[in-house]
Amino acid sequence: MKVKIVEVGLRDGLQNERTILSTAYKQQIAGKLIRAGIRHLEVTSFVHPRWIPQLADAEQLVSQLPVNTAVTYRALVPNCKGLERALPTPVNEFAVFMSASETHNLKNINKSINETFPVLADVVNLAQQHGKKVRGYVSTVFGCPYEGKVSVSRVSMICEKLFEMGVYEVSLGDTIGVATPAGVKEVLGDLLTQFPAERLAGHFHDTRGTGLANAFVALEMGISTLDSSFGGLGGCPYAPGAAGNLATEDLIYLLHGMGVETGIDLDALCETSLFAGKLLGKKLPSKVLQSYVGV
Ligand code: HMG
Ligand code: MG
């Protein structure tokens, strides 16, 4: 089995932190993650800096990332304004995002679901004109902090629209970490009748401790792209109660235990999270990190 790990800590992780890290520290973390073996790195977002001040340095950060042709750098772009900021930079690919629930979509990107489709379609179109690939994110797939349960048919409709626009993959977000393995089986069971597993990814927040179990179920169902965050950082400032993503350390430990080769050095990853935790002034939640005693 081959598993693609998308490290989202510099974006999803830092966007929810009270402490704003300097660009230089973010660059150091990126370098350490790459030296630990991470190859797919979501580094920042070209969103409005007033909405996410933690990532206001997007242009500066991406202009000084390590040059490494083996690494794919990705950034979130909410609209063409964001893409126009990102296109001249060394970012390799982009991600558009929207929510399966109206209220979260509105709170997060200030538009209704129907108003969002043409905005994202323009982004994907413009990115493709520049030869760039775009991933799509659907948030609140397993539940919304404002509306509760979200229907699978709504999620499926949004996936369909995103694929029609031309995204190469849709990452299914458990934004507030409410999913359980049974729920993941139900939702994925439905979606996999419509979309091939290779075009779906899992993005599990670990608010209630089910992130790893959910990722395991997704793997068993054939999903081989999983998002995770060093140390288990993460959360969406516009989704109250959202805690960190599934920790990359915990996911790597599970995969190595299953005999899946990831190319990622767990000790080096833990060292990176310890470094980041010191900068943020807190202990990061990854379980594997708690047990790490140093090299
Ligand atoms: P808006 O206020 O509706 O924007 O915000 P607008 O289009 O009306 O424009 C208003 C002003 O903002 C204009 O400037 C624009 O130029 C400017 P003015 O003419 O007034 O001077 N503007 C921008 N400036 C810089 N960069 C831009 C940009 N766009 C417009 N890209 C907007 C709409 C989408 C911009 C705003 O709501 C926003 O930035 N939201 C981002 C929220 C966010 O980043 N949330 C977290 C990421 S999603 C997530 O974490 C979930 C995920 O992890 C999956 C999961 O867990 O479920 C992906
Ligand atoms: Mg997220």
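Note that this is a predicted model, so its numbers are computed, not measured.

**Student:** Could you give an account of the overall build of the chain, with specific residues and numbers?
**Tutor:** In terms of regular secondary structure, the chain is built from 12 helices and 8 strands. Rg of the C-alpha trace for the chain: 17 Å, near the compact-globule value of 19 Å for 295 residues, within the 12% margin. Dimensions along the principal axes, computed over C-alpha positions, put the chain at roughly 50 × 40 × 35 Å. The proportion of buried residues among the 295 residues of the chain is 48%. For the chain, long-range pairs separated by at least 24 residues make up 73% of all intrachain contacts whose partners lie at least 6 apart in sequence.

**Student:** Before we move on, could you go through the nonpolar core and cite the residues and values that matter?
**Tutor:** Within the largest apolar cluster, 86 residues are counted, with the highest numbers of intra-cluster contacts made by Val43, Ala75, Val77, Phe94, Val96, Val138 and Val155. Broken down by element, the residue count for this core peaks at 5 residues, all from strand 4 (residues 93–99). Beyond its immediate sequence surroundings of up to four residues, valine 77 is in contact with Phe46, Gly82, Leu83, Ala86, Phe94, Val96 and Val123.

**Student:** If you had to explain the pairing of strand 4 to someone new, which residues and values would you point to?
**Tutor:** The buried count for strand 4 comes to 6 of 7 residues, which makes it a mostly enclosed element. Bridging between strand 3 (residues 72–76) and strand 4 involves 3 bridges; their strand directions are parallel. Across the sheet, arginine 74 pairs through a bridge with glutamate 93, a residue of strand 4. Once you follow strand 3 into helix 4 (residues 80–86) and on to strand 4, the crossover reads as right-handed. Alignment of strand 4 against strand 5 (residues 134–139), held across 6 bridges, turns out to be parallel. Looking at strand 5, one finds that serine 99 is bridged to serine 139.

**Student:** Go over the site of ligand 1 with me, naming the residues and quoting the values.
**Tutor:** Around ligand 1 sit 26 residues in total, of which Val47, Gly82, Ser139, Gly173 and Thr175 are the nearest. Looking at the shell around ligand 1, the elements with two or more residues in it are helix 4, helix 5 (102–109) and strand 5. Looking at the shell around ligand 1 element by element, the count peaks at 3 residues for helix 4. When its residues are assigned to classes, the shell around ligand 1 shows 11 nonpolar, 12 polar and 3 charged.

**Student:** If you had to explain the sheet that holds strand 5 to someone new, which residues and values would you point to?
**Tutor:** Taken together, 8 strands build a closed barrel; the order of strands is 1-2-3-4-5-6-7-8 and the barrel is parallel. Averaged over all pairs of adjacent strands, the angle between strand axes in this sheet comes to 25°, irrespective of strand direction. Sheet topology places strand 1 (residues 4–7) next to strand 2 (residues 40–45); 2 bridges connect them, and they run parallel. Pairing of glutamate 7 across the sheet is with leucine 41, part of strand 2. Across the face of the sheet, helix 9 (residues 211–220) comes into contact with strand 6 (169–174), strand 7 (200–204) and strand 8 (225–228) while running at roughly 170° to strand 7.

**Student:** I'd like to hear about unusual backbone geometry, residue by residue, with values.
**Tutor:** Keep in mind that most residues, glycine aside, have a negative phi and that most peptide bonds are trans. The phi torsion at asparagine 110 lies on the positive side, around 65°, for a residue other than glycine. Relative to the helices and strands, asparagine 110 is located in the loop between helix 5 and helix 6 (113–129). Given 13 C-beta atoms within a 10 Å radius, asparagine 110 is considered partly exposed. For threonine 140, which is not glycine, the phi dihedral falls at a positive 55°. Following the sequence through the fold, threonine 140 ends up in the loop between strand 5 and helix 7 (152–165).

What counts and how
Residues numbered from 1 in each chain as written. Chains lettered and ligands numbered in written order. Predicted model: local features only at pLDDT ≥ 70, side-chain atom pairs only at ≥ 80, totals over all residues. Helix = DSSP H or I, 4+ residues; strand = E, 2+ residues; numbered from the N terminus. Rg over C-alpha atoms; globule rule 2.2 N^0.38 Å. Buried ≥ 20, exposed ≤ 12 C-beta atoms within 10 Å, placed from the backbone. Contact = placed C-beta atoms within 7 Å. Core = buried A, V, L, I, M, F, W, Y, C linked by C-beta atoms within 7 Å. Pairing = 2+ DSSP bridges. Right-handed = clockwise from strand over helix to strand, strands pointing away. Near = placed C-beta within 6 Å. Nonpolar A, V, L, I, M, F, W, Y, C, P; charged D, E, K, R; others polar. Axes fitted to C-alpha atoms, helices over the stretch in contact; angles between N-to-C directions.

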